[in-house]
2 protein chains.
Amino acid sequence: MEHKMDLFSKETYRERRSKVMKSVSGGILLFLGNEESSSNFKDNWYPFRQDSSFLYFFGLDLPGLAAVMDLDADQVILFGDELTTEELVWHGEKPKLVDLAHLVGLQEVRPSKEIASYLAKSSQRRIHFLPPFRPENTMKLRHWLGLSTEALEDRVSVEFIKAVAKLRSIKSEEEIREITKAVNHTVQIHRKVMQHARAGMYEYELLGMVYGEALSGRGHLSFPPIITTDGQTLHNHRYTNRLEPGKMLLGDFGTETAMHYAGDITRTIPIGKKFTEAQREVYEIVWQAHRSAIASLKPGLRFLEVHLLACKKIAQGLKTIGLMQGDVEEAVQQGAHALFFPCGVGHLMGLDVHDMEDLGEAYVGYTDALQKSTQFGLKSLRFGKELEAGQVLTVEPGIYFIPQLIDSWKAQNMHRDFINYDKLERFRDFGGIRIEDDFLITSKGSELMGMPLESSPDEVESLRGNAE
Amino acid sequence: MEHKMDLFSKETYRERRSKVMKSVSGGILLFLGNEESSSNFKDNWYPFRQDSSFLYFFGLDLPGLAAVMDLDADQVILFGDELTTEELVWHGEKPKLVDLAHLVGLQEVRPSKEIASYLAKSSQRRIHFLPPFRPENTMKLRHWLGLSTEALEDRVSVEFIKAVAKLRSIKSEEEIREITKAVNHTVQIHRKVMQHARAGMYEYELLGMVYGEALSGRGHLSFPPIITTDGQTLHNHRYTNRLEPGKMLLGDFGTETAMHYAGDITRTIPIGKKFTEAQREVYEIVWQAHRSAIASLKPGLRFLEVHLLACKKIAQGLKTIGLMQGDVEEAVQQGAHALFFPCGVGHLMGLDVHDMEDLGEAYVGYTDALQKSTQFGLKSLRFGKELEAGQVLTVEPGIYFIPQLIDSWKAQNMHRDFINYDKLERFRDFGGIRIEDDFLITSKGSELMGMPLESSPDEVESLRGNAE
């Protein structure tokens, strides 16, 4: 039968495995693939999503797998089961697991049930594992290693995490091609939404358009789409608002390719043909912050500095329209701008839209020397360390008017020197604006991933020219 | 703020709770809501799906809830937390949990962290719980009740399961309206696929159409859609085939309403305008089996008998085209027809597409007096017991040519008296045909749920008239 799993060459996977095996000092590296995930009863499954590190080193996009790398014996073993005839009746013929294993350069495949005894026999050696983020994998680790959930947390291997994060952070040419494919698909769907959104529609109609276009192109969604006229809510997963004239629509979504590399783009558009005057003023500020942040990208610069640059551009812009006041540098240092921009300016992207978030920001986005800040706003910056050629990141400044946060800060007299709360009252129902694109860090600076998508105020209004 | 959660009246939920509380002899009924479910990292969530029994008794479509009913003190307590200001920034304002609780007739809401001590204080009493199907809920029960996973399985309350199954099996008028809405939405999408499928398209393009139409109408999918030219694979979740002239397309999918009541319909169509002669012959057999099964539906009849009737119609039809032979009654009794129809003729439908599958078929679909058969084919019939007015079921006979199963049976000389293996060779690549609609059992017989959807061979060909 035809083999439909999308894979890189076996040499790619072999090389990746060889590199991680050389990066950890000794013992056994244990990789857990994901299982099917149940929605409202056991056999009613969400779409299967393989663990990203498992995909990176083994490529096999199937549930119920695990693998070990014995660093001392230089041996790699895949654990998994062939389908029974009865399973074939329900789920269809699949290539044999041993044949798939060969396609990714693996020689040794053993039945799933043998992993428990394999690990038990190795209990005197160091068994390295990554932090589990699915409860079934936590339960497996408890069972196999005989540890409590708390003990598991202590025993996660930082050495292993760092080795994986180092490899996955720098994208190869073939990975960049996959991400570009995801971004181009994402661009195409964004442009369609930007052209078709109309007053009177409901957000869920556009959600349907996004899913329809993504799946029709053999893609998946890389995260739950944000398609909302309440753009001030950063991770809004409700879709029940009606699009009203005078409001804006914020669309933040991306697709994954069949190999699960992600794209992630945000645009904010007027529901009508043109922004209102106030909307355009704020949009200009975000757009200039976006451009400045992009222009600053280069290897060696901490992404934290890119974030702070965007913060200052935002604070400066808000000062010109009278919502902030005082010294901009000082305002940003004290975190006053975070009332309007309470999140980070971007994040790594790859096999995960927030790449390797499961491995922990402390290792992926920061270093022992550069710890994450605890200041409101800055603490939401997932990646702060030095940029390196081969990294792929989003750049996504925004300005948000969040009534609950405004009320809370005002009641506590927070940053009164920097914020003009009286003028702010008029912006309570403004919503939020974010502009996001994806970039590859190069030896000289950065490159936009994929085709450009309209982002300047004029370009956006021109795309909306046919609206209503 | 506007309240967007769809709910029945508080009296409905009160009445349901009152009934279940009267049906169990004593102790505490413990209900676990679902949590958010992670795909590739903790905070990248699949669309939230609440537990269906939790929805039935409490209506609240939010993660992180639990509830208890103290049968002796006649007290109901909801456990859950209000959002913090910081969560509001990310996820948006929601109605307060205490206000939502009032909408479903609940007076007492306590913080989540109190449930552990509440249950610990009650450890001398019987704590009834339903079988958990999500690993995080298994972990919670282990923790709260101090039991191992194996001990949990032993301690699941059969009395509680039976009480819930009895209530949920019979649909109220308002539930029937919701299911009808789901079925009508499902019909509309099926008709669109039946009209738009064309040779040269890929299955995933139609998957995109189905998701797009479902979500655009504020629906969800009630299960992973089956949209395949490999209709012989019963639960096929791959979408990579190209639609080829001369083949058939089997579409088996349904939507859920915002309140999560399900629809579930299957149609099989020719890729071109007309069935081939062989396809039409087999289609006729399935369609007649479908009609016969529907005509037989009435209260008091065991659904097992409806299943066997469909099996006989299928065996009889296959005999007329020379694929089966010998005595039809005997062939069905011995299970020879299961080579072509290895699954059940239908299942209960409601808040779950396979209603209450998590509670266990032994209690939902069978009784102490009528146990499920272990015979291949019959053992996949999820519901066998007596029909009652108010039940909603699918009727979905089919004929499938499954090469692996044919080869396996032939090699074992299975049922040679009844099966003409020589003639069967020509059907190896035929695929599969299923026709499925949803029915309400009434006092007199049954009623089709929702609008009729074309199903006779002529009607289907007429819909396909504009194809290519």
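Residues numbered from 1 in each chain as written. Chains lettered and ligands numbered in written order. Predicted model: local features only at pLDDT ≥ 70, side-chain atom pairs only at ≥ 80, totals over all residues. Heavy atoms only, no water.

Time to look at the pattern of salt bridges. Residues and elements named next belong to chain A. Summed over the entire model, instances satisfying the criterion amount to 59 salt bridges over all chains. With a shortest N-O distance of 2.9 Å, Glu178 and Lys181 are connected by a salt bridge. Of the two residues, Glu178 and Lys181 both sit in helix α9 (residues 173-196), 3 residues apart, roughly one turn of that helix. Look at Glu178 and you get buried, because its relative accessible area is 7%. Across the pair Glu361 and Arg382 runs a salt bridge whose closest N-O atoms are separated by 3.7 Å. With Glu361 in helix α14 (residues 361-364) and Arg382 in the loop between α14 and β11 (392-395), the pair connects residues that are 21 residues apart, well separated along the chain. With relative accessibility at 21%, the residue Glu361 sits in the partly exposed group. Residue class for Arg382 comes out buried when judged on its relative accessible area of 18%. (Salt bridge = Lys/Arg side-chain N within 4 Å of Asp/Glu carboxyl O. Helix = DSSP H or I, 4+ residues; strand = E, 2+ residues; numbered from the N terminus. Buried < 20%, exposed > 50% of the residue type's maximum accessible area, 1.4 Å probe, protein only.)

Contacts between the two partners involve 73 residues from chain A, matched on the other side by 73 residues from chain B. Carbon and sulfur atoms make up 60% of the surface buried where chain A meets chain B, a total of about 5700 Å² over both sides. Considering only the surface of chain A that becomes buried against chain B, Asn40(A), Phe41(A) and Trp90(A) emerge as the three largest contributors, covering 13% of it. Applying the counting criterion to the chain A and chain B interface returns 0 salt bridges. There are 21 residue pairs in polar contact (both at pLDDT 80 or more) connecting chain A and chain B. Elements represented by at least two residues in the side of chain A that touches chain B include exactly α3 (85-91), α6 (135-145), α10 (203-216) and α15 (403-411) of chain A. For the side of chain A that touches chain B, the element with the highest residue contribution is α10(A), accounting for 9 residues. Residues belonging to the side of chain A that touches chain B are distributed by class as follows: 27 nonpolar, 28 polar and 18 charged. (Contact = heavy atoms within 4.5 Å. Buried area = accessible area lost by both parts, 1.4 Å probe. Polar contact = N/O pair within 3.5 Å; in protein donor to acceptor, adjacent residues only side chain to side chain. Nonpolar A, V, L, I, M, F, W, Y, C, P; charged D, E, K, R; others polar.)

Now for the side chain of Ser157(A). Residue and element names in this part refer to chain A. Within the secondary structure, Ser157 is located in the loop between α7 (149-155) and α8 (158-169). We classify Ser157 as buried; its relative accessible area is 1%. Apart from the residues lying within four places of it in its own chain, the contact partners of Ser157 are Arg126, His128 and Phe129.

Before going further, it helps to examine the sheet that holds strand β10 (residues 265-270) of chain A. All names here are of chain A. With antiparallel pairing, 3 strands are arranged side by side in an open sheet as β7-β8-β10. Edge positions in the sheet fall to β7 (226-228) and β10, since each has one partner strand and no second. Ignoring which end each strand starts from, the neighbouring axes of this sheet average 10 degrees apart. Across 3 bridges, the pairing between β7 and strand β8 (residues 248-253) is antiparallel. Paired with Thr228 across the strands is Leu250, a residue of β8. Set on the sheet, α10 makes contact with β7 and β8; between it and β7 the angle comes to about 150 degrees. (Pairing = 2+ DSSP bridges. Axes fitted to C-alpha atoms, helices over the stretch in contact; angles between N-to-C directions.)

This part takes up the pairing of β10(A). All names here are of chain A. For β10, a buried count of 6 out of 6 residues is recorded, marking the element as mostly surrounded by other parts of the structure. Taking every second residue as pointing to the same face, both faces of β10 are buried, with Ile265, Arg267 and Ile269 on one and Thr266, Thr268 and Pro270 on the other. Across 6 bridges, β8 lies against β10 in antiparallel orientation. Paired with Gly251 across the strands is Arg267, a residue of β10.

With that settled, consider helix α8 (residues 158-169) of chain B. The end-to-end C-alpha separation of α8(B) is 16 Å, in line with the 16 Å expected for 12 residues at 1.5 Å each. Of the surrounding secondary structure, the elements contacted by the buried residues of α8(B) are α1 (10-23), β1 (28-32), α2 (52-58), β5 (127-129) and α14 (361-364) of chain B. (Expected span 1.5 Å × (residues − 1).)

Below, the discussion takes up the packing of α9(A) against α10(A). Residue and element names in this part refer to chain A. Viewed as axis vectors pointing N to C, α9 and α10 meet at an angle of 150 degrees, and their least axial separation amounts to 10 Å. In terms of orientation, α9 and α10 fall into the roughly antiparallel class. Crossing angle aside, the handedness with which α9 passes α10 is right-handed. Residues His185, Gln188, Ile189, Lys192, Val193 and His196 of α9 pack against Leu206, Met209, Val210, Glu213 and Ala214 of α10. Residues of the contact of α9 with α10, tallied by class, amount to 6 nonpolar, 3 polar and 2 charged. (Parallel < 35°, antiparallel > 145°, perpendicular 65-115°, else oblique. Left-handed = near helix turned anticlockwise from the far one by under 90°.)

One widely used convention gives an interface's size as the accessible area the parts lose upon coming together. Residues and elements named next belong to chain A. Assigned domains within chain A: domain 1 (10-169) and domain 2 (173-466). Contact between domain 1 and domain 2 buries roughly 1600 Å² in total, counting both sides, with carbon and sulfur atoms accounting for 52%. Between domain 1 and domain 2 we count 5 salt bridges in total. The interface formed by domain 1 and domain 2 holds 8 residue pairs in polar contact (both at pLDDT 80 or more) in total. Elements supplying a minimum of two residues to the side of domain 1 that touches domain 2: α1 (10-23), α2 (52-58) and α8. Ranked by the residues each element gives to the side of domain 1 that touches domain 2, the list is headed by α8, at 7 residues. (Domains from an automatic or database assignment.)

On to unusual backbone geometry. Here His260(A), not a glycine, exhibits a phi torsion of approximately 80 degrees, which is positive. Residue His260(A) is classed as buried on the basis of its relative accessible area of 3%. At Asp74(B), a residue that is not glycine, the phi angle is positive and equals roughly 55 degrees. Mapped onto the secondary structure, Asp74(B) falls in the loop between β2 (66-70) and β3 (75-79).

Residue and element names in this part refer to chain A. A cluster of acidic residues, Asp81, Glu82, Glu87 and Asp99, forms a negative patch on the protein surface. With respect to the secondary-structure elements, Glu87 resides in helix α3. Given the relative accessible area of 34%, Glu87 is considered partly exposed. (Patch = residues over 30% accessible without salt bridge, like charges linked within 9 Å, V, L, I, M, F, W, Y side chains within 5 Å. Areas by Shrake-Rupley, 256 points an atom, 1.4 Å probe, with all protein chains shown as cover. Lys, Arg positive; Asp, Glu negative; His and termini not counted. Charge placed at Lys NZ, Arg CZ, Asp CG, Glu CD.)

Mapping chain A onto chain B is achieved by rotating through 180 degrees and translating by 0.0 Å along the same axis, at an RMSD of 0.0 Å. Classification of the inter-copy transformation places it as that of a two-fold axis. Nearest to the rotation axis, the C-alpha of Gly212(A) is located 2.0 Å from it, this being the minimum over chain A. Comparing interface residues between copies, 100% of those in chain A also lie at the interface in chain B; the contact surface is shared. (Least-squares fit on C-alpha atoms with pLDDT ≥ 70 in both.)

Let's shift gears to the packing of α1(B) against α8(B). Residues and elements named next belong to chain B. At their nearest, the axes of α1 and α8 sit 9 Å apart, and the two run at 140 degrees to each other. On the basis of the axis angle, α1 is oblique to α8. Handedness of the α1/α8 crossing: right-handed. Of α8, the residues touching α1 (which contributes Arg16, Lys19, Val20 and Ser23) are Glu159, Phe160, Ala163, Val164 and Leu167. Taken together, the residues of the contact of α1 with α8 sort by class into 5 nonpolar, 1 polar and 3 charged.

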